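Chain by chain, the residues:
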Amino acid sequence: MDLDEVAGRLYALPPSEFTAARTAAARAAKDAGDVRLSRDIAKLRRPTVSAWAVNRLAREHAAELAELLDVGESLRAAWERQDAGELAELTRRRGEVTGKAGRLAREGAGLSAAAGTEVDQTLDAAVVDAGAAEEVRRGRLDKPLRFSGFAPAPVPRGRPAAAKGKRGGTEDTEKARAEEAERRAEAEARKAKERREAEAAQREWREALDAVEKEHGERAEKVARLEQKLAKARKKLEDSAQRLEVTRREERHARLRLER
């Protein structure tokens, strides 16, 4: 047993089961005489719900996550080349694969709107940052990731400045196209993010509405059953009142006959 093996097993668990399993694993390592491994296991941090959802995505939907990370790698390369046409196409694909991966991460996870937003931010970070992509791929996050900005800055190429004339004009045009592609990409990324957040909020309110409707239906059924019981009780009370009146009348007649 080593730390890599234990961490892989622990971060596959739901957050509610993590702490107990970590304690048991640390105790097992200590009992086996590996005090250092026991301490390292004890240092593993319990994942947030959103981190766990992304970890689960890495394990259960590896192909879809790989597609997302491949788009991110291509996007970073296109950004370095300042290829406006490729950036536009990859940005479109980015929205598609990120949305798909986000939906898969949410399925059955019971995430709140805030946790869903953290999942989206983590996937966005994996697209634009190679380090974040590797963390997400390993499936051992303990907290969500964030990345400031749309994409990493292009890597300086170190080539000599172009001479004035046609070449300089071409490079200026390419730069202008790349900057325009960046602006479009940022706008599309913002729209996609806003849509995902709106979808997450709608899902949360839909779930809340379903719960309230279910509760209302159950209580309405209970009231209907109680009203039926009350109606039967009232009918029995009326029957009892009639029998009481008849009994009183007969008792009075019997008493009068006795007095005579």
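Everything quoted here is computed from the prediction, not taken from an experiment.

(A) Geometry of the overall build of the protein. If you tally the helices and strands in the protein, you get nine helices and zero strands. Pairs at least 24 residues apart make up 71% of the contacts formed inside the protein by residues separated by at least 6 positions. Total accessible area on the protein is roughly 17000 Å²; 51% of this is exposed by carbon and sulfur atoms.

(B) Geometry of the environment of H61. Residue position: H61 is located in the loop between α4 (49-60) and α5 (62-81). Residues H61 and L104 lie 43 residues apart in sequence; the distance between their C-alpha atoms is 7.6 Å. H61 has contacts with R56 and L104, leaving out every residue within four places of it along the chain.

(C) Seen up close, a positive patch on the surface. Taken together, the side chains of K222, R225, K229, K232 and K236 present a region of like positive charge at the surface. Looking at the secondary structure, you find K232 in helix α9 (residues 166-259). Note on K232: relative accessible area 59%, which makes it exposed.

(D) Geometry of the pattern of salt bridges. Applying the stated criterion across every chain yields a total of 10 salt bridges. Where R92 meets E96, a salt bridge forms, and the shortest distance between an N and an O atom there is 2.5 Å. One end of the pair, R92, and the other, E96, are both in helix α6 (residues 84-106), four residues apart, so they sit about a helical turn from each other. When its relative accessible area of 47% is taken as the criterion, E96 is described as partly exposed. One salt-bridge network, in which partners are shared between bridges, spans D4, R138 and R140.

(E) The arrangement of the nonpolar core in detail. In terms of nonpolar packing, the biggest core is built from 33 residues, with L57, L65, L68, V119 and V136 touching the most fellow members. Looking at this core, the elements that each hand over two or more residues are α4, α5, α6, α7 (113-128) and α8 (130-138). For L68, the residues in contact, after removing those within four places along its chain, are V97, T98, A101, L123 and V127. Ranked by size, the runner-up nonpolar core spans 11 residues in total, among them A7, L10, Y11 and L44.

(F) Quick look at the side chain of T122. Here T122 is to be found in helix α7. Exposure remark for T122: the relative accessible area of 1% places this residue in the buried category.

(G) Structural context of α7. In this model α7 runs 23 Å from its N-terminal to its C-terminal C-alpha over 16 residues, within 8% of the 22 Å that 1.5 Å per residue would give. Burial runs high along α7: 13 of the 16 residues are buried.

(H) Fine view of the packing of aromatic side chains. Under the criterion given, the structure shown has one aromatic pair. Where Y11 meets F18, the ring centres are 5.1 Å apart and the plane angle is 40 degrees; that geometry is what we call tilted. Accessibility classification places Y11 together with F18 in one group, the buried group.

Rules used in this analysis
- Residues numbered from 1 in each chain as written.
- Predicted model: local features only at pLDDT ≥ 70, side-chain atom pairs only at ≥ 80, totals over all residues.
- Heavy atoms only, no water.
- Helix = DSSP H or I, 4+ residues; strand = E, 2+ residues; numbered from the N terminus.
- Contact = heavy atoms within 4.5 Å.
- Areas by Shrake-Rupley, 256 points an atom, 1.4 Å probe, with all protein chains shown as cover.
- Patch = residues over 30% accessible without salt bridge, like charges linked within 9 Å, V, L, I, M, F, W, Y side chains within 5 Å.
- Salt bridge = Lys/Arg side-chain N within 4 Å of Asp/Glu carboxyl O.
- Lys, Arg positive; Asp, Glu negative; His and termini not counted.
- Charge placed at Lys NZ, Arg CZ, Asp CG, Glu CD.
- Buried < 20%, exposed > 50% of the residue type's maximum accessible area, 1.4 Å probe, protein only.
- Core = buried A, V, L, I, M, F, W, Y, C linked by side-chain atoms within 4.5 Å.
- Expected span 1.5 Å × (residues − 1).
- Phe/Tyr/Trp six-rings, centres within 6.5 Å; stacked < 30°, edge-to-face > 60°.

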